[in-house]
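Observations on the model geometry
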Amino acid sequence: RRVELLLEMRVLAPIIAMLALPMAALAKAADPTECEVCIAVLNSVDGLIAKDKKNDLPSIEAGIDKYCNGGGLGPKEKKMCYYMEPIKRSVAQPFSLKMPKDRVCKRLKKDNDAICDVKFAVKVEAAATAEDVTKLRVKQLKTILNDRGVECEGCLEKSDFVKRVLETAHMDL
């Protein structure tokens with residue numbers, strides 16, 4: 001009887017493992033803000049390159065230089081340029097093969113984790129209600145306050161952060 005149970009377990013274990021893998025993949029849903037700044041920068045660089053030069057590595061590298069050295073970049077875009085400029089060739093290679101921008105960024109993430117950690121600030125409208133702000137996570141509330149240059153001394157609970165965000169709603173991000 002024991003031998004039969006062992007044989008059954010040997011047969012069932014791989015099947016159970018194969019069924020569990022897709023479940024684990026579904027549980028870890030993709031973050032929509034992952035690599036958002038990297039993707040936005042690559043889309044902007046793509047717009048600067050002539051159609052007939054999109055496969056040419058030097059042209060792509062020149063496009064990265066032109067974007068990063070041009071004025072009017074926000075702090076997140078400047079930070080992304082700081083990460084991308086030293087590895088222009090690594091950026092240009094998959095870019096020239098017309099790889100989707102999100103895949104290019106994920107490939108770059110293997111070399112430098114910080115590339116996909118750069119995210120745009122969470123926007124909260126001035127007319128946001130307490131209910132809207134309460135739906136945000138504490139990490140997002142802290143980021144909003146930090147972007148506004150406001151310290152939240154004595155804030156321990158989420159309600160404290162929500163109150164402070166609402167008090168500083170008149171400040172621009």
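Below is a summary of the structure that appears in this document. Everything numeric here is computed off the predicted structure, so don't read it as measured data.

So, on to the pattern of salt bridges. Evaluated as defined, the whole model comprises 5 salt bridges. Across the pair Arg-89 and Glu-61 runs a salt bridge, and its minimum N-O distance is 2.7 Å. Residue Arg-89 is found in helix H5 (residues 88–96), and its partner Glu-61 is found in helix H3 (residues 57–69); the two are separated by 28 residues along the sequence. A residue is classified by how much of its surface remains accessible, and Arg-89, at 48% relative accessible area, is partly exposed. Of the residues examined, Glu-61 reaches a relative accessible area of 16% and is grouped as buried. Connected via shared salt-bridge partners are Asp-46, Lys-54 and Lys-101.

Using the criterion set out here, one finds 1 aromatic pair in the structure. One cation-aromatic arrangement involves Lys-101 over Phe-95; the distance from NZ or CZ to the ring centre is 4.9 Å.

Let us look at the state of the cysteines. Taken as a whole and assessed by the stated rule, the structure comprises 4 disulfides. Here Cys-35 pairs with Cys-116 through a disulfide, and the sulfurs are 1.7 Å apart. Here the S-S torsion is close to 85°, and the disulfide linking Cys-35 with Cys-116 is therefore right-handed. A residue pair is termed long-range when its members are at least 10 positions apart, and Cys-35 in the loop between helix H1 (2–27) and helix H2 (36–48) and Cys-116 in the loop between helix H6 (101–111) and helix H7 (130–134) qualify at 81 residues. Per residue, the accessibility class of Cys-35 equals that of Cys-116, and both read buried. There is a disulfide in this structure between Cys-38 and Cys-105, and the S-S distance comes to 2.0 Å. The sign of the S-S torsion, about -95°, decides the handedness of the disulfide formed by Cys-38 and Cys-105: left-handed.

Each value, and the rule that gives it
Residues numbered from 1 in each chain as written. Predicted model: local features only at pLDDT ≥ 70, side-chain atom pairs only at ≥ 80, totals over all residues. Heavy atoms only, no water. Salt bridge = Lys/Arg side-chain N within 4 Å of Asp/Glu carboxyl O. Helix = DSSP H or I, 4+ residues; strand = E, 2+ residues; numbered from the N terminus. Buried < 20%, exposed > 50% of the residue type's maximum accessible area, 1.4 Å probe, protein only. Phe/Tyr/Trp six-rings, centres within 6.5 Å; stacked < 30°, edge-to-face > 60°. Lys NZ or Arg CZ within 6 Å of the ring centre and 35° of its normal. Disulfide = S-S within 2.5 Å.

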